[in-house]
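# Inside the fold
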Amino acid sequence: PLDATTVDRPPMGVPAAILPSTGSSRVSLAAAGGWPASTSCGLKAWRPRGGAAVVAIDAEGRVCLLRQFRHAAGGWLTELPAGKLDGGEPPLECARRELAEEAGVSARRWEKLGEFFSSPGVLTEVIHLFLARDLEPADASPEDHEVLEVTWVPLRAAVDLAASGQMQDAKSLIGLLWAREREIA
């Protein structure tokens with residue numbers, strides 16, 4: 001038997017096939033479809049909870065960006081408000097919570113931009129992206145480990161920052177580009 005689990009609702013149309021639990025497994029690729037029955041490989045994956053990120057745009061067309069210290073990245077990154085899903089928390093609730101905690105605003109209008117795998121070669125993690133509008137002040141309450149500065153910049157300037165290579169956070173790059181496309185349409 002395989003050391004694997006069945007996904008109840010696979011993200012983004014991935015077949016409800018066999019995904020490894022944390023650790024190593026020998027997996028038959030035929031179970032995922034499209035491979036000869038004899039094809040198998042060693043597979044490792046980590047199963048983080050996933051997360052949500054928010055492109056919050058104010059009445060002046062400015063987007064909220066955080067300058068946040070990230071130990072794993074070795075310094076400061078510019079990124080969107082975001083966080084990990086808590087337990088069985090729905091992605092939209094996570095996005096609402098993180099926007100208030102980190103940016104000190106809430107939104108009356110929410111739109112899902114999409115979702116993506118953060119690093120599908122080793123992670124099953126899915127990041128959900130939301131567009132937030134009609135903003136109003138809320139009580140900011142960053143967690144103790146969050147060292148951050150909140151800034152508001154025009155959406156076009158934020159997209160230019162992402163396109164220039166000065167922004168290195170993947171969820172923010174994707175979120176800003178998807179939001180720009182939504183704003184143009």
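Coordinates for the structure precede this section.
Residues numbered from 1 in each chain as written. Predicted model: local features only at pLDDT ≥ 70, side-chain atom pairs only at ≥ 80, totals over all residues. Heavy atoms only, no water.

## Notes on the pattern of salt bridges
Scanning all chains against the criterion turns up 18 salt bridges. Between R96 and E93 there is a salt bridge; the shortest N-O distance is 3.6 Å. Taken together, the positions of R96 and E93, both in helix α1 (residues 91-103) and three residues apart, correspond to about one turn of that helix. For R96, a relative accessible area of 34% gives the class partly exposed. Residue R182 pairs with E111 through a salt bridge whose shortest N-O separation is 2.4 Å. With a gap of 71 residues between them, R182 in helix α3 (residues 170-184) and E111 in strand β9 (residues 105-117) connect regions that are remote in the sequence. Residue classification places E111 among the partly exposed residues on the basis of a relative accessible area of 27%. Sharing partners across several salt bridges, the network here consists of D86, E89, R97, E98 and E101. (Salt bridge = Lys/Arg side-chain N within 4 Å of Asp/Glu carboxyl O. Helix = DSSP H or I, 4+ residues; strand = E, 2+ residues; numbered from the N terminus. Buried < 20%, exposed > 50% of the residue type's maximum accessible area, 1.4 Å probe, protein only.)

## A short note on the sheet that holds strand β10 (residues 126-137)
Ordered by their spatial adjacency, four strands build an open sheet running β8-β5-β10-β9, and the pairing between neighbours is mixed. The sheet is open, and its two edges are formed by β8 (82-84) and β9, each paired on a single side. Going from strand to strand, the sheet's axes swing by 20° on average, the running direction of each strand aside. Bridge count for β9 against β10 is 11 bridges, and the pairing is antiparallel. When the bridges of β10 are listed, K112 appears paired with F130. Where α1 meets the sheet, it contacts β5 (51-56), β8, β9 and β10, and its direction lies at approximately 125° from that of β9. (Pairing = 2+ DSSP bridges. Axes fitted to C-alpha atoms, helices over the stretch in contact; angles between N-to-C directions. Contact = heavy atoms within 4.5 Å.)

## Thoughts on the sheet that holds strand β7 (residues 75-79)
The strand order β7-β6-β11 describes an open sheet built from three strands, whose pairing is antiparallel. Every other strand in the sheet has two partners, leaving β7 and β11 (148-154) as the edge strands with one partner each. Strand-to-strand, the axes of this sheet are offset by a mean angle of 25°, without reference to chain direction. In the sheet, strand β6 (residues 62-70) pairs with β7 via five bridges, with the strands oriented antiparallel. Each bridged residue has a counterpart across the sheet, and for R67 the counterpart in β7 is T78. Relative to the sheet, helix α2 (residues 155-163) contacts β6, β7 and β11, its axis offset from that of β11 by approximately 110°.

## Let's talk about the packing of aromatic side chains
Using the criterion set out here, one finds three aromatic pairs in the structure. Geometrically, the ring pair formed by F69 and W76 is edge-to-face, given 5.9 Å between the ring centres and 75° between the ring planes. An angle of 90° between the planes, with centres 6.3 Å apart, marks the rings of F116 and W178 as edge-to-face. Taken together, the residues F116 in strand β9 and W178 in helix α3 connect sequence positions 62 residues apart. With relative accessibility at 9%, the residue F116 sits in the buried group. Accessibility expressed as a relative area gives 31% for W178, which makes it partly exposed. Between R67 and the ring centre of W76, over which it is positioned, the NZ or CZ distance is 4.2 Å. (Phe/Tyr/Trp six-rings, centres within 6.5 Å; stacked < 30°, edge-to-face > 60°. Lys NZ or Arg CZ within 6 Å of the ring centre and 35° of its normal.)

No statement about biological role is implied by the geometric values presented.
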